[in-house]
Amino acid sequence: MDVEGSLKRLQTDTIDLLYQHRVAPNTPIEETAGAIKDLIQAGKVKHFGLSEAGAKTIRRAHTVQPVTALQSEYSIFWREPEESVMPTLAELGIGFVPFSHLGKGFLTGKIDSSTKFDSTDFRAIVPRFSEDNRRANQALVEVITKFADWKKATPAQIALAWLLAKAPWIVPIPGTTKLSRLDENLRRGAIVLSGEDMHSLEEASSAIKVEGERYPATHAKLIDR
C-alpha cells in the first residue's frame, strides 16, 4: 500500500483511518494487519479499517491490530451483514460504515423494470438489476414507499433513517452527485423511527425475498467469506 504517496497527495502527516479496500486473496490478513500496525506505531496512520471482510478475517486481523471500522454494503435491500458480520462487530467494538444504503439507487423508487442502464453503469451487469429481478424486487420498494408516505418522507430518507436507527455504531456514507440529494439526506435528521416503526418496517420488508446476486460471478472474488 502506498501510504507515503497518500500522505503527500492529502498534504498531511497522518491518515486518520486507513482502509484495506477488499481483502487481498493471496496475502494473509495477519500480514496486512501487521503492516498497518507498523504504520500506526510510526505515527503515519491512526486507525485500521477493512472493507467487505468476513467475520473470520475480521477476528484474525483484530488479534494483530485492533480494527476500528468495517466498510461493507448494508441496507434494507441487503441485510445479510446482520447474520454474517454484525454480531462480531458488536462483540469486538468495531464500527460499521455501510455503503450503498439505497441499494445502488433502487430504494429511491426511481428505478423499475423499464429502466435502461448505460453500458458504463456497473448495474448493467449486476444480476440483482436484471429486468426480471427489478420487476420482482419492486415489491420491496413499494413497502418502503408506503411507509415513507405515512411518515411524510421520501423512500431514500426512510432507508437512511432505518440504518441510523439500527445501532449507534453504524455510520453510513451516502454518496451523491446532486445537491438536491445531499439536502434530502441532511433532512433525514427530522425523521425519527421508533421501535414500533422499525418492527413494522422490518416485518413487512422481511416478507419479501430479494432476487438476484449483488455481484456478477466474475466479481465473486471481491467478497470475503
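Everything discussed here concerns the structure shown above.
Before going into details, it helps to say that this report is about the structure given with it. Predicted model only: the values in this text are computed from it and were never measured. (Residues numbered from 1 in each chain as written. Predicted model: local features only at pLDDT ≥ 70, side-chain atom pairs only at ≥ 80, totals over all residues. Heavy atoms only, no water.)

1. Considering the overall build of the protein chain
A count of helices and strands for the protein chain gives nine helices and four strands. For the protein chain, the N- to C-terminal ordering of α and β elements is α-β-α-β-α-β-α-α-β-α-α-α-α. For 225 residues, the compact-globule estimate of 2.2 N^0.38 gives 17 Å, and the protein chain sits close to it at 19 Å. With respect to the principal axes defined by its C-alpha atoms, the protein chain has extents near 50 × 40 × 35 Å. Within the protein chain, buried positions represent 45% of all 225 residues. Counting only contacts in the protein chain whose residues sit at least 6 apart along the sequence, the fraction spanning at least 24 positions is 71%. For the protein chain, the accessible area works out to roughly 12,200 Å², and carbon and sulfur atoms hold 53% of it. (Helix = DSSP H or I, 4+ residues; strand = E, 2+ residues; numbered from the N terminus. Rg over C-alpha atoms; globule rule 2.2 N^0.38 Å. Buried < 20%, exposed > 50% of the residue type's maximum accessible area, 1.4 Å probe, protein only. Contact = heavy atoms within 4.5 Å. Areas by Shrake-Rupley, 256 points an atom, 1.4 Å probe, with all protein chains shown as cover.)

2. Overview of the nonpolar core
Counting residues in each nonpolar core, the largest one holds 52 residues, and the members touching the most others are Leu 50, Ile 58, Leu 70, Ile 158, Trp 162 and Leu 193. In this view, Trp 162 contacts Tyr 74, Ser 75, Ile 76, Arg 79, Glu 82, Leu 193, Met 198, Leu 201 and Glu 202; residues no more than four positions away in its chain are not counted. (Core = buried A, V, L, I, M, F, W, Y, C linked by side-chain atoms within 4.5 Å.)

3. So, the packing of aromatic side chains
The final tally for this structure, using the stated rule, is seven aromatic pairs. Through successive ring pairs, a cluster of aromatic residues spans Phe 77, Phe 106, Phe 117 and Phe 129. Geometry around Phe 77 places Arg 128 over its ring, the cationic atom sitting 4.8 Å from the centre. Here the basic side chain of Lys 151 rests over the ring of Trp 150, its NZ or CZ set 5.2 Å away from the ring centre. (Phe/Tyr/Trp six-rings, centres within 6.5 Å; stacked < 30°, edge-to-face > 60°. Lys NZ or Arg CZ within 6 Å of the ring centre and 35° of its normal.)

4. Thoughts on the pattern of salt bridges
Taken as a whole and assessed by the stated rule, the structure comprises 18 salt bridges. A salt bridge links Glu 73 to Arg 214, with the nearest nitrogen and oxygen atoms 2.9 Å apart. Of this pair, Glu 73 sits in strand 3 (residues 67–73) while Arg 214 sits in the segment after helix 9 (195–206), and the two are 141 residues apart along the sequence. Notably, a salt bridge pairs Arg 79 with Glu 82, separated by 2.9 Å at the nearest N-O pair. Connected through shared salt-bridge partners, Arg 22, Glu 52, Glu 73, Lys 104, Arg 128 and Arg 214 make up one network. (Salt bridge = Lys/Arg side-chain N within 4 Å of Asp/Glu carboxyl O.)

5. A look at the sheet that holds strand 2 (residues 45–51)
Sheet strands associate in pairs through backbone hydrogen bonding, adopting either a parallel or an antiparallel arrangement. Read from one edge of the open sheet, four strands run 1-2-3-4, paired in parallel fashion. Of all the strands in the sheet, just strand 1 (15–20) and strand 4 (95–99) have a single pairing partner and so form its edges. Averaged over all neighbouring strand pairs, the angle between strand axes comes to 30°, with direction disregarded. Pairing geometry for strand 1 and strand 2, over five bridges, is parallel. Looking at the pairing, Gln 20 lines up with Leu 50 of strand 2. The strands that helix 1 (residues 3–10) touches are strand 1 and strand 2; relative to strand 1, the one it contacts most, it runs at about 135°. The strands touched by helix 3 (residues 55–64) are strand 2 and strand 3; relative to strand 3, the strand with the most contacts, the crossing angle is about 160°. (Pairing = 2+ DSSP bridges. Axes fitted to C-alpha atoms, helices over the stretch in contact; angles between N-to-C directions.)

6. Topic: unusual backbone geometry
Here Arg 22, not a glycine, exhibits a phi torsion of approximately 80°, which is positive. Relative to the helices and strands, Arg 22 resides in the loop between strand 1 and helix 2 (29–41). Arg 22 sits in the partly exposed class, given a relative accessible area of 25%. With a phi angle near 55°, Ser 100 is a residue other than glycine that sits in the positive phi range. As for its placement among the helices and strands, Ser 100 is situated in the loop between strand 4 and helix 6 (131–151).

7. Points about the pairing of strand 4
If a strand is regular, its side chains alternate between the two faces of the sheet. Of all the five residues making up strand 4, five are buried; the element is thus mostly covered by neighbouring parts of the structure. Side-chain alternation along strand 4 places Gly 95, Val 97 and Phe 99 on one buried face and Phe 96 and Pro 98 on a second face that is also buried.

8. Quick notes on helix 3
Buried within helix 3 are the following residues: Ala 55, Thr 57, Ile 58, Ala 61 and His 62. Burial along helix 3 is one-sided: seen end-on, the buried residues are contained in an arc of 155°. Residues of helix 3 that are exposed and point over 90 degrees away from its buried face: Lys 56 and Thr 63. Residues of helix 3 that are buried make contact with helix 2, strand 2, strand 3, helix 4 (81–84) and helix 5 (86–92). (Arc of directions from axis to C-beta.)

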